[in-house]
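# Structural overview
These are the residues of each chain, in order.
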Amino acid sequence: MMDLGSISPTLLLASLMVAATPILLAALGELVVERAGVLNLGVEGMMITGAICGFAIAVNTGSPTLGFIAAALGGAALSLLFAILTQVALANHVASGLALTLFGLGLSALLGQGYVGIKPPATDKLDIPVLSDLPVVGPVLFAHDPMVYVGLALTLAVWFVLNRTRAGLILRAVGENHDAAHALGYKVVRVRVMAILFGGACAGLGGAYISLIRVPQWTEGMTAGVGWIALALVVFASWRAGRVMLGAYLFGGVTVLQLNLQAAGVALPVEYLSMSPYIITILVLVIMSAERNRAPASLGRTFHASN
Amino acid sequence: MVRLEKRPQPSKLWTYLTPLVAVICTMVAGGALFSLLGKNPVEAIATIFWEPLFGEFAFYYRPQLLIKGAPLVLIAIGLSLGFRAGIWNIGAEGQFIIGALTGAGVGLAFYPAEGWYIFPLMMIAGAFGGWVWAMIPAILRTRFGTNEILVSLMLVYVAEQLLAKMALGLLRNPDGHGFPGSRNFQQYPSGHNAELITGTGMHWGVVAALIAVIFAYVLLNRHILGYHIRLAGQAPRAARFAGVSPTRLVLFCLGTSGALAGLAGMFEVSGPAGQVSIDFNVGYGFTAIIVAFLGRLHPVGILLAGLLMALTYIGGEIAQSNLGLPAAAIQMFQGMLLFFLLAIDVLTNFRVRLSRREVV
């Protein structure tokens, strides 16, 4: 039975914000990493590690806030391994990123053994007296958990730092031409390591958002490719913060709509609906790659100061 | 102050030594991990590496080495060609699934007819299925410049959904009382990838893997195409001046790796797994990436690496049942191996020099 009338647009828009947040957080982190000239394909691994770190700490302390902090630390700790591999041991970025994802999936499954089937402590939703009670606008914009707004604030912050501050200029210089940046006296490796750690922390937050708020419970491999979608999103956004946000809401929308259609009993089999976010990601990538390539010029290249 | 100095030539010694050192480091770190989990590290490591080969039940485990090693080697050989040329097929798992579906599909279409021609047709169908699935990222990359890493990976998730659909729908066993999963190939002699020599684990997939190793070796060392692959990876600019067509290279590398992964999937589903079921794939497509790197992207190296990785799978299972070691610990152990390999690999191209900080 198909019942499209059961899909409420208000609810759809509200849950879109929630579905988009993990992708947004992870993609913003990766954006900064790639602008510094590093290609970290380990987003999926860092997200799932963040998901379990956040979940475990939140369950044990009863505080989602501490959970999110732990998730950021866990993601950053894992990304430190990537930083050591690529910046110190000068390993190939693609291979190291894959190693990070494979390792992260194993690590999270190991850490999460005792946490299957447990409910995490609930995260409070925002409740602003007048605004949250507004019809339509209230539930869509003003009645979410704080992390949704952290994601939005982070978008703004990343945009501001990259485009309007000296630190952002140095980071971009390192990403566009690491040899020139090195010649100017900037610490290429240090900048990149910090960018990688930031990316890891963001991915960790995104992962914890899935396990603590979006789902909320712990299952092995629960990020199910969101990390990879976040990577695709950075390409889609042509390495610009504003468009990362746009893209995240687009993908969030697709996911939510697809789930709603499943619930409404559309004549398409569930499996075909479930593969739609991945197929749409591919389509979007194809459309975007027709545009001029705006990738940072040193992206994925190994830097070694010969003197 | 420790400093890295680039070697004029990659060190021959370290090229061979790196995988060995990485394995030893992984054993040490893995042992530390296992003792953190409250297990005796020496016992755990011995169970993983010794028990399957020389333990009491080795007669049972040794054949498993070939059964688990064959798909890993077959897939990794294909991947290594692309990895050498800087073409990253990360979606072998998806191609493996699609190859299994098409291969099994053709076999099941003939059921219950018997004939010598059925199994070869299934092989062709399996390879073709994997090839088609890999052609999607290949054509998108050559035609639109789309990133093949992301596309091939997205297609893994699509393939998994397709597998679920097929196991519950089109390929479901009509006599299976509504249970998900296809007919079992063990009860269908013409389509069964049976053991060729009893008690050895030797099946057609093992034969195919060995042939692939030989072909890859000849291709890389004796054929102009293999030379072009190596050239494109090491000096892309020089390759362009030499007239190497990047388009052809992408189509060839992705196509070959897809066909081999599809073939591996077909051998798996018609032999060791026996039937198409929702979760017959156990991540060989991803583990093969580790195998390819561990084997230094060299055909003979991959053969050895594949056997070693198969050993950790089997030993891991024994450690699971005997010592209660969690399955995830083994997965992490395998990931660790790749980490150490990549980290130690720096010594192949660089020399570590101790020097005082110079005054500029």
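Anything mentioned here points back to the structure above.
Counting restarts for each chain: residues are numbered from 1 in the order of the written sequence. Written order determines the labels here, with chains lettered from A and ligands numbered from 1. Where local features are concerned, this predicted model is filtered to residues with pLDDT of at least 70; where side-chain atom pairs are given and counted, the filter is 80 or more; whole-chain, interface and lining totals use all residues. To obtain the side-chain values, all non-hydrogen atoms of the structure were included, while hydrogens and water were left out.

## Some remarks on the overall build of chain B
The condition is simple: Secondary structure elements follow DSSP: runs of H or I of four or more residues count as helices, runs of E of two or more count as strands, with numbering from the N terminus. Two things to know: the radius of gyration comes from C-alpha atoms, and the globule rule equals 2.2 Å times the number of residues to the power 0.38. Here the term buried applies to any residue with accessible area under 20% of the maximum for its type, exposed to any over 50%, and partly exposed to those in between, with areas from a 1.4 Å probe on protein chains only. Contacts: residue pairs with any heavy atoms within 4.5 Å of one another. For the area figures, the Shrake-Rupley method with a 1.4 Å probe applies, and any residue is considered shielded solely by the protein chains shown. When charges are counted, Lys and Arg are positive and Asp and Glu negative, with His and the chain ends excluded. By convention, the charge on Lys lies at NZ, on Arg at CZ, on Asp at CG and on Glu at CD.
Helices and strands together make up the secondary structure of chain B, namely 15 helices and two strands. Compactness check: chain B gives a C-alpha radius of gyration of 22 Å against a globular reference of 21 Å for 360 residues, within 12% of the reference. With the C-alpha coordinates aligned to their principal axes, the bounding extent of chain B is approximately 80 × 55 × 35 Å. Residue burial in chain B is summarised as follows: out of 360 residues, 54% are buried. For chain B, the proportion of contacts with a sequence separation of at least 24, taken over those separated by at least 6, is 77%. About 16100 Å² of surface is accessible on chain B, with carbon and sulfur atoms providing 65% of the total. Charge-centre separation for chain B: the mean point of 23 positive side chains lies 18 Å from the mean point of 15 negative side chains.

## Observations regarding the environment of L155 of chain B
Within the secondary structure, L155 of chain B is located in helix α7 (residues 148–168). With relative accessibility at 5%, the residue L155 of chain B sits in the buried group. In this structure, the C-alpha to C-alpha distance between L155 of chain B and Q95 of chain B, residues 60 residues apart in sequence, is 8.4 Å. Apart from the residues within four sequence positions on either side, L155 of chain B is in contact with I282 of chain A together with W133, I136 and P137 of chain B.

## A few points about the packing of helix α4 (residues 93–111) of chain A against helix α14 (residues 327–344) of chain B
Selection criterion: Fitted lines through C-alpha atoms serve as axes, helices being fitted only where they are in contact, and the angles separating the N-to-C directions of these axes extend from 0 to 180 degrees. Orientation is classified from the angle alone, with under 35 degrees giving roughly parallel, over 145 giving roughly antiparallel, 65 to 115 giving roughly perpendicular, and any other angle giving oblique. Each crossing gets its hand from how the near helix is turned against the far one by less than a right angle, where anticlockwise is left-handed and clockwise is right-handed.
At a minimum axis separation of 8 Å, α4 of chain A and α14 of chain B run at an interaxial angle of 155 degrees. In terms of orientation, α4 of chain A and α14 of chain B fall into the roughly antiparallel class. The interaxial crossing formed by α4 of chain A with α14 of chain B has left-handed handedness. For the pair α4 of chain A and α14 of chain B, contact is made by A95, S96, A99, L100, L102, F103, L105, G106, L107, A109 and L110 of chain A and by A328, A329, Q331, M332, G335, M336, L338, F339 and L342 of chain B, respectively.

## So, the pattern of salt bridges
Residues and elements named next belong to chain B. Our working rule: Definition used for salt bridges: Asp or Glu carboxyl oxygen within 4 Å of a side-chain nitrogen of Lys or Arg.
In total, this model carries four salt bridges over all chains according to the counting rule given. For E317, the salt bridge is made with K68, and the minimal N-O distance between the two is 3.8 Å. Of this pair, E317 sits in helix α13 (residues 299–323) while K68 sits in helix α4 (residues 58–85), and the two are 249 residues apart along the sequence. Overall, the relative accessible area of 42% leaves E317 in the partly exposed class. With relative accessibility at 12%, the residue K68 sits in the buried group. Taking the shortest distance from any N to any O, the salt bridge between E148 and R141 comes out at 3.1 Å.

## A closer look at the interface of chain A and chain B
The condition is simple: Here a polar contact is recorded for every N or O atom pair within 3.5 Å, except that within protein the pair must consist of a potential hydrogen donor and a potential acceptor, and residues adjacent in sequence are included only if both atoms are side-chain atoms. Ten residues, namely Ala, Val, Leu, Ile, Met, Phe, Trp, Tyr, Cys and Pro, are considered nonpolar, four, namely Asp, Glu, Lys and Arg, are considered charged, and the remaining ones, Gly among them, are considered polar.
Each partner contributes to the interface: chain A provides 44 residues, whereas chain B provides 40 residues. Where chain A meets chain B, there are zero salt bridges. Our count for the contact surface shared by chain A and chain B stands at one residue pair in polar contact (both at pLDDT 80 or more). Of all the secondary-structure elements, those providing two or more residues to the side of chain A that touches chain B are α3 (64–88), α4, α10 (226–236), α12 (270–274) and α13 (276–289) of chain A. The element that contributes the greatest number of residues to the side of chain A that touches chain B is α4 of chain A, accounting for 13 residues. Across the side of chain A that touches chain B, the residue classes break down as 33 nonpolar, nine polar and two charged.

## Re the packing of α3 of chain A against helix α9 (residues 188–214) of chain A
All names here are of chain A. One can describe the packing of α3 onto α9 by two numbers: an axis separation of 6 Å at closest approach and a directional angle of 140 degrees. Considering their axes alone, α3 and α9 lie oblique with respect to each other. Seen from above, α3 lies across α9 with right-handed handedness.

## Comments concerning empty space enclosed by the protein
A water-sized probe, rolled over the atoms, reveals where empty space remains. All names here are of chain B. The cut-off we apply is this: The way it works is a 1 Å grid over only the protein atoms, where trapped points that fit a 1.4 Å probe form a cavity and open points with protein on both sides within 12 Å along at least five of seven lines form a pocket, and then any residue with an atom within 4 Å of a point lines it. Grid points are joined across faces, edges and corners, and a volume is the space filled by probe spheres set on the points.
Summed over the entire model, instances satisfying the criterion amount to three cavities of 30 Å³ or more. Of the pockets and cavities examined, the largest cavity occupies roughly 40 Å³. Along its surface, the largest cavity is lined by V23, T26, M27, F49, L308, T312, F333 and L337. Mapped by element, the contributors of at least two residues to the lining of the largest cavity are α1 (12–36), α13 and α14. If one sorts the elements of the lining of the largest cavity by residue count, α1 sits on top with three residues. When the residues that make up the lining of the largest cavity are grouped by side-chain class, the tally is six nonpolar, two polar and no charged.

## Let's talk about a nonpolar patch on the surface
Residue and element names in this part refer to chain B. For the record, the criterion: Patches were defined on residues exceeding 30% relative accessible area and lacking a salt bridge, with like-charge contacts within 9 Å and nonpolar side-chain contacts (Val, Leu, Ile, Met, Phe, Trp, Tyr) within 5 Å.
A grouping of I214, Y217, V218, V300 and L304 is seen on the molecular surface, where their side chains present a nonpolar patch of about 460 Å² in accessible area. Elements with a contribution of two residues or more to the nonpolar patch: α8 (204–222) and α13. Looking at the nonpolar patch, the element that brings in the most residues is α8, giving three residues. One can find V218 in helix α8.

## Some words on the environment of Q258 of chain A
Residue and element names in this part refer to chain A. Inspection of the secondary structure puts Q258 in helix α11 (residues 241–264). The class of Q258 is buried, set by a relative accessible area of 8%. Separated by 12 residues in the primary sequence, Q258 and V270 have C-alpha atoms spaced 9.1 Å apart. Not counting residues within four places of it along the chain, the set of residues in contact with Q258 comprises L273, S274, S276 and P277.

## Comments concerning the side chain of E30 of chain A
All names here are of chain A. Following the sequence through the fold, E30 ends up in helix α1 (residues 9–35). Despite its burial, E30 remains without a salt bridge, the nearest opposite charge being carried by R35 at 12 Å. A distance of 3.4 Å separates a polar side-chain atom of E30 from the backbone nitrogen of N40. Not counting chain neighbours up to four residues away, the residues in contact with E30 comprise L39, N40, V43, L231 and V234.

## Concerning unusual backbone geometry
Located in the positive-phi region is A224 of chain A, a residue other than glycine, with phi close to 45 degrees. When you line up the elements, A224 of chain A lands in the loop between α9 and α10. Despite not being glycine, L297 of chain B shows a phi value in the positive range, around 60 degrees. On the basis of relative accessible area, L297 of chain B is assigned to the buried category, the value being 15%.

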